[in-house]
Each structure stands twice: as structure tokens, then as C-alpha cells.
Amino acid sequence: IMIQSWPHQKEEWVNPEVLEKMSFVIRAIGAIRNLRSELRVPPHMEISVYQSKNSDVSLVVPPYGPFLAKFAKVKVIMREDDKKPSGSATLLIDNRPLHILLEGIVDLEKEKKRITEEIDKRKIHQEKTRQWLSDKRFLSSAPEEVVDQFRESLQESEEGIRKLNELLKELR
């Protein structure tokens, strides 16, 4: 049985600047992992992340680079300019660009084709769902939960298509 009270945080222990920077690093790790997953890049494969030395990201990444290296499996490369390297995708995290080099890791043409096919499949699903939702007989006879599922499915489909179009745009 524990008899000590729960420890209380002291105000002087909190550093808002460090919290903000760590929050950015956590969001960057999540965004990089999501991109890796969407493009089917194996989790064990190290990828390169380019960032500008002029960007305010450069104030964040160097001291926290080991976290990015460990948890997102990336190597951070500093660049003098802000230009997007060819064969890369750009992640905007808090309006701060990180360029992920994909050339040599992902077959860009094959990936563009796969994403385009996925968009086409989702558009077909979206159209069928819209047809069901525009059918007055279906709306009047189907249970409300089923109609809600169709509406949610339509929203998810629209969001998925939007995300895939953004990804496709990045790869072009």
C-alpha cells in the first residue's frame, strides 16, 4: 500500500520553449511515419529528411535530431536553400517544411499509378454511396443507424480522396 501523496509539478520545472519544440518533434515523427505507411516504405529503412538552415525548423531539429533518428528512422540533412529537392515529398508541420527524399526508396511512377487506382476505386464507392443516399425509398425505409453509416462512409471516402490527391500532387 502506498502512503506517499502523488507528486505535484512545480512551475519552475516547466519550460514552455522546450515543450513547444518537443511537441513539434512529436508531430514531425507522426507525420513522417504516416507518409512512410502511405507510401509503403518499410519501417526499418532509413530515409533522409532535408531541412533549410534558414528555416525556424533548424532551431528545433538539431538538439532533437536523435529523437527523429530513433523514432522516425530518418537522417536529417541541413540545406542552405529552401528549394524542394527533386524526388521528394514535403511535409508541412506547423507551416514548417520538411522534405522527405523518396527517390531510390519508392518507385515514384509505380506509386503514382497505385494512388491513382486507389482514388478511382474510392470515387466509385463514393458515387454508389451518393446514389443510396439520394434514393428516397432507401432513406425512408432504412434504419437511421444504417443511413448514418452511409453518410459517415461518404465523408470518409471524400476525406480519403482528398488526402490521396494531396499525396499524388506531392509526388508529381
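Up top is the structure.
The following refers to the structure shown. (Residues numbered from 1 in each chain as written. Predicted model: local features only at pLDDT ≥ 70, side-chain atom pairs only at ≥ 80, totals over all residues. Heavy atoms only, no water.)

## Here's the deal with the overall build of the chain
Part 1: For the chain, the count of helices and strands is 5 helices and 4 strands.
Part 2: Here the C-alpha atoms of the chain give a radius of gyration of 22 Å, more than 25% beyond the 16 Å that 2.2 N^0.38 yields for 172 residues.
Part 3: Oriented by its inertia axes, the alpha-carbon framework of the chain measures out at about 65 × 55 × 30 Å.
Part 4: Counting all 172 residues of the chain, 35% fall into the buried class.
Part 5: Between the centroid of the 30 positive side chains of the chain and the centroid of its 29 negative side chains there is a distance of 4 Å. (Helix = DSSP H or I, 4+ residues; strand = E, 2+ residues; numbered from the N terminus. Rg over C-alpha atoms; globule rule 2.2 N^0.38 Å. Buried < 20%, exposed > 50% of the residue type's maximum accessible area, 1.4 Å probe, protein only. Lys, Arg positive; Asp, Glu negative; His and termini not counted. Charge placed at Lys NZ, Arg CZ, Asp CG, Glu CD.)

## Some points on the pairing of strand β3 (residues 88-93)
Part 1: In terms of burial, β3 is a largely internal element, 5 of the 6 residues being buried.
Part 2: Note: β3 against strand β4 (residues 96-101), 6 bridges, orientation antiparallel. Residue pairing across strands places Leu91 opposite Leu98, the latter belonging to β4.
Part 3: Between the antiparallel neighbours β3 and β4 lie 2 residues, among them Asp94 with a positive phi of about 55°. (Pairing = 2+ DSSP bridges.)

## Things to note about the packing of helix α3 (residues 108-134) against helix α5 (residues 144-171)
Part 1: Between α3 and α5, the shortest axis-to-axis distance is 9 Å and the interhelical angle comes to 155°. Relative to α5, α3 is oriented roughly antiparallel. When the axes of α3 and α5 are compared, the crossing they make is left-handed.
Part 2: Partitioning the contact of α3 with α5 into residue classes produces 13 nonpolar, 8 polar and 8 charged. (Axes fitted to C-alpha atoms, helices over the stretch in contact; angles between N-to-C directions. Parallel < 35°, antiparallel > 145°, perpendicular 65-115°, else oblique. Left-handed = near helix turned anticlockwise from the far one by under 90°. Nonpolar A, V, L, I, M, F, W, Y, C, P; charged D, E, K, R; others polar.)

## Looking at unusual backbone geometry
Part 1: Backbone geometry places Arg40, a non-glycine residue, at a positive phi of 60°.
Part 2: Mapped onto the elements of the fold, Arg40 is located in the loop between α1 (16-38) and β1 (47-52).
Part 3: Positive phi outside glycine occurs at Lys73, with the angle close to 55°.

## A word on the layout of surface pockets
Part 1: What the largest pocket holds in volume is close to 420 Å³.
Part 2: Lining of the largest pocket is provided by 14 residues; of these, Leu35, Glu38, Thr90, Leu91 and Glu166 occupy positions nearest its centre.
Part 3: Secondary-structure elements contributing two or more residues to the lining of the largest pocket are α1, β3 and α5.
Part 4: Computed from the structure, the second largest pocket encloses a volume of approximately 160 Å³.
Part 5: At the level of secondary structure, the elements contributing two or more residues to the lining of the second largest pocket comprise α1, α3 and α5.
Part 6: Broken down by element, the lining of the second largest pocket gets its largest block of residues, 4 residues, from α5.
Part 7: Of the residues assigned to the lining of the second largest pocket, the class counts are 2 nonpolar, 2 polar and 6 charged. (1 Å grid on protein atoms, 1.4 Å probe; cavity = no way out; pocket = protein on both sides within 12 Å on 5 of 7 lines; lining within 4 Å. Points joined across faces, edges and corners; volume = space filled by probe spheres on them.)

## What to know about the packing of aromatic side chains
Part 1: Overall, the coordinates contain 3 aromatic pairs when judged by the stated rule.
Part 2: Here Trp132 and Phe150 contribute two aromatic rings whose centre-to-centre distance is 5.9 Å and whose plane-to-plane angle is 55°, an arrangement assigned as tilted. In this pair, Trp132 is assigned in helix α3 and Phe150 in helix α5, connecting sequence segments 18 residues apart.
Part 3: Look at Phe150 and you get partly exposed, because its relative accessible area is 24%.
Part 4: Relative to Phe150, the ring of Phe138 has its centre 5.1 Å away and its plane inclined at 65°; by these criteria the two rings are edge-to-face. Residue Phe138 is found in helix α4 (residues 136-141), and its partner Phe150 is found in helix α5; the two are separated by 12 residues along the sequence.
Part 5: Among the aromatic residues, those joined into a ring-pair cluster are Trp132, Phe138 and Phe150. (Phe/Tyr/Trp six-rings, centres within 6.5 Å; stacked < 30°, edge-to-face > 60°.)

In short, shape yes, function no, at least from these values alone.
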